[in-house]
Amino acid sequence: ADKKDLVYSPFLVIFDYGTSAEGYWNYNKMCLQLEDCIDVLDALFSIPTAEVDDDARVQHMPDVPHVDGLKRLYDHAFLFDHSCGHDRKQEDGLSTKDVRVSPTAKGR
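Only a predicted model underlies this, so the values are computations on that prediction, with no experimental measurement involved.

1. What to know about the side chain of K71
Along the chain, the position of K71 falls in strand 2 (residues 70–72). A distance of 2.7 Å separates polar atoms of two side chains, one belonging to K71 and the other to D63.

2. Notes on the pattern of salt bridges
With the rule as written, the count across this model stands at two salt bridges. Between K71 and D63 there is a salt bridge, with its nearest N and O atoms 2.7 Å apart. Overall, the relative accessible area of 11% leaves K71 in the buried class. By relative accessible area, which is 48% here, D63 ends up partly exposed.

3. Section: the packing of aromatic side chains
Two aromatic rings are characterised by how far apart their centres lie and by the angle between their planes. Evaluated as defined, the whole model comprises three aromatic pairs. The interplanar angle of 35° and the centroid separation of 5.6 Å between the aromatic rings of F15 and W25 together place this pair among those described as tilted. Of this pair, F15 sits in the segment before helix 1 (27–44) while W25 is found in the segment before helix 1, placing the two residues 10 residues apart along the sequence. On the accessibility criterion, F15 (22% relative accessible area) is partly exposed. What makes W25 partly exposed here is its relative accessible area of 29%. Ring geometry for F45 versus Y74: centroids 5.6 Å apart, planes at 80°, classification edge-to-face. You can see F45 sitting in the loop between helix 1 and strand 1 (46–48) and its partner Y74 sitting in the segment after strand 2, a full 29 residues away along the chain. Look at F45 and you get partly exposed, because its relative accessible area is 32%. Assessed through its relative accessible area of 47%, Y74 is described here as partly exposed.

What counts and how
For every chain, the first residue of the written sequence is number 1, and numbering continues from 1 onward in sequence order. Owing to the predicted nature of the model, reporting of local features is limited to residues with pLDDT of at least 70; listing and counting of side-chain atom pairs is limited to 80 or more, with chain, interface and lining totals taken over all residues. Heavy atoms from the whole structure form the basis of all side-chain values; hydrogens and water molecules are not counted. Helix and strand assignments follow DSSP, with helices taken as H or I runs no shorter than four residues and strands as E runs no shorter than two, numbered in order from the N terminus. What qualifies as a polar contact is a pair of N or O atoms within 3.5 Å, subject to a donor-acceptor requirement within protein and to the restriction that residues adjacent in sequence count only when both atoms come from side chains. By convention in these notes, a salt bridge is any Lys or Arg side-chain nitrogen within 4 Å of a carboxyl oxygen on Asp or Glu. The buried label applies to any residue whose accessible area, calculated with a 1.4 Å probe on protein chains only, is under 20% of its type's maximum; exposed applies above 50%, and partly exposed to all values in between. Any pair of Phe, Tyr and Trp rings, taking the six-membered ring for Trp, is counted once the centres come within 6.5 Å. Such a pair is stacked with planes under 30 degrees apart, edge-to-face with planes over 60 apart, and tilted for the rest.

So this is what it looks like as structure tokens:
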């Protein structure tokens, strides 16, 4: 999906919800917000690999994806209540809906 330029902080999204307004918060909007937040954190808290003076430290620093020569200074944690995304999963992802409660005849 094409992303618009950031005009406001992505860490707080305020929108007019409803069918006659901007719609409802959904999984796709949550993913776009997360991508924007990660982009901002990478811009603020990354360093060129050449500026890291400790070889042992640079080995444990993750690369910034899609940007050559940058290392992330920190790990970031994001918390979600999943109220809008609980019904989504990766196409090849695991799901508890596919798990059997008892073994099948084949598995015995």
